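Below are the chains, spelled out letter by letter.
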Amino acid sequence: ARANSMIAWTEYREIGAMHAHLTVHAKPEPCARGVIDIETQAAARIAMSQGLTQHQGDKWLAEAIAMRDRLPRVGQQLRAGTITARQFRLIVGRTELIDDHDWTAQVDAAIADILAARGGAGTWSGRRLGDMVDRVIFRHDPDAVRRRHEKAKQARSAWILPGADGMATVGATMTAQNAAIAYHAVLALAGLVCPNDTRSREARSSDALFALLTGTAFE
């Protein structure tokens, strides 16, 4: 696990160095839709070298820049294996609105010190880690946590992913309250079948969701 964390840190470091090099030496490239900026060029190189989509390349680049510019000391905890790459990505997401503040370095230092003092990656569940980061930010800017929530709320969406054997997955992001209400409604409808229904609980839930979304009868 520590080796994987070290590898992730190395990858982020090299991506950050590539972005810095392009920023100094490269120029925006013209294309049919306008001009390709430096960030897009860097993300495209990541995507092409790793067999990723452009969106995945953008995300990886953003995380690398965050480690280089916003969270260098937290990055050192990734290098040391105190946290995993997944945990580092969670911290990046929770701190994305603190850039350009004069207390950004203090937040980075405070989070890193807590991580170093409280043991390895297994100490932190996702929720506990997120709460800790929020508390650190709250001490410097009480409104920052609220602004991040509003930004996440504005980014809510729905999507469909094609699967194998004629199946697909439909999903959506929404507030936690709305998600709980929606899921409870699905389970409530799925539980109304007779005891002799041969479908599994999961299959009944899928059919119940379809009935709710389309307004058709659940039989």
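Residues numbered from 1 in each chain as written. Predicted model: local features only at pLDDT ≥ 70, side-chain atom pairs only at ≥ 80, totals over all residues. Heavy atoms only, no water.

Engineer: Which parts of the structure should I look at to understand the pairing of strand β4 (residues 168-172)?
Structural biologist: Two faces make up the sheet, and in a regular strand the side chains alternate between them. Bridge count between strand β3 (residues 158-162) and β4: five bridges; the pairing is antiparallel. Its bridge partner being in β4, L161 is matched across the sheet by T169. Where β3 hands over to β4, the hairpin turn is made up of five residues, of which D165 adopts a positive phi near 60°. (Pairing = 2+ DSSP bridges. Helix = DSSP H or I, 4+ residues; strand = E, 2+ residues; numbered from the N terminus.)

Engineer: Looking at this structure, how should I read the confidence of the model for the chain?
Structural biologist: This prediction gives the chain a mean pLDDT of 90; 96% of its residues lie at or above 70. Ranking the elements of the chain by mean pLDDT puts strand β2 (residues 34-36) last, at 56, and helix α4 (residues 72-80) first, at 96. (pLDDT = per-residue confidence, 0-100.)

Engineer: In this structure, what is going on with the packing of aromatic side chains? I would like to understand it.
Structural biologist: Aromatic ring pairs are described here by two measures, namely the spacing of the ring centres and the angle between the planes. Scanning the entire structure with this criterion turns up one aromatic pair. Taking 5.3 Å as the distance between ring centres and 45° as the angle between the ring planes, the aromatic pair formed by Y12 and F88 counts as tilted. With Y12 in helix α1 (residues 2-25) and F88 in helix α5 (residues 85-94), this pair connects stretches of sequence that are 76 residues apart. Across this residue pair, the class does not change: Y12 and F88 are buried. In this structure, R79 packs its charged tip against the face of W9, placed 5.0 Å from the ring centre. Between the NZ or CZ atom of R128 and the centre of the ring of W124, over which it lies, the distance is 4.5 Å. (Phe/Tyr/Trp six-rings, centres within 6.5 Å; stacked < 30°, edge-to-face > 60°. Buried < 20%, exposed > 50% of the residue type's maximum accessible area, 1.4 Å probe, protein only. Lys NZ or Arg CZ within 6 Å of the ring centre and 35° of its normal.)

Engineer: Looking at this model, I keep getting lost on helix α6 (residues 104-117). Mind explaining?
Structural biologist: Residue pairs three or four apart in sequence face the same way in an α-helix, which turns once every 3.6 residues. Given a rise of 1.5 Å per residue, 14 residues ought to cover 20 Å, and the 20 Å separating the end C-alpha atoms of α6 matches this to within 8%. Looking only at α6, the buried set comprises T104, V107, D108, A109, I111, A112, I114 and L115. Buried-residue contacts for α6 involve α3 (54-70), α4, α5 and α7 (126-140). Of the residues one or two after α6, G119 is the one with positive phi, at around 95°. (Expected span 1.5 Å × (residues − 1). Contact = heavy atoms within 4.5 Å.)

Engineer: What am I meant to see in a positive patch on the surface here?
Structural biologist: Residues R118, R128, R135 and R139 make up a contiguous surface patch of positive charge. With respect to the secondary-structure elements, R135 resides in helix α7. (Patch = residues over 30% accessible without salt bridge, like charges linked within 9 Å, V, L, I, M, F, W, Y side chains within 5 Å. Areas by Shrake-Rupley, 256 points an atom, 1.4 Å probe, with all protein chains shown as cover. Salt bridge = Lys/Arg side-chain N within 4 Å of Asp/Glu carboxyl O. Lys, Arg positive; Asp, Glu negative; His and termini not counted. Charge placed at Lys NZ, Arg CZ, Asp CG, Glu CD.)

Engineer: I tried to follow the nonpolar core on my own but got confused; where do I start?
Structural biologist: Considering soluble globular proteins, one finds that nonpolar side chains tend to be buried as a cluster. Residues V74, L78, F88, I91, I111, L115 and M132 are the most contacted members of the largest nonpolar core, which totals 37 residues. Breaking this core down by element, the ones donating at least two residues are α1, α2 (38-50), α3, α4, α5, α6 and α7. Examining the composition of this core, we find that six residues originate from one element, α3, more than from any other. Here I111 is in contact with V74, I91, T95, M132, V133 and V136, once residues within four sequence places are set aside. Counting six residues, the second-largest nonpolar core is a separate cluster that includes V186, L189, A190 and F218. (Core = buried A, V, L, I, M, F, W, Y, C linked by side-chain atoms within 4.5 Å.)

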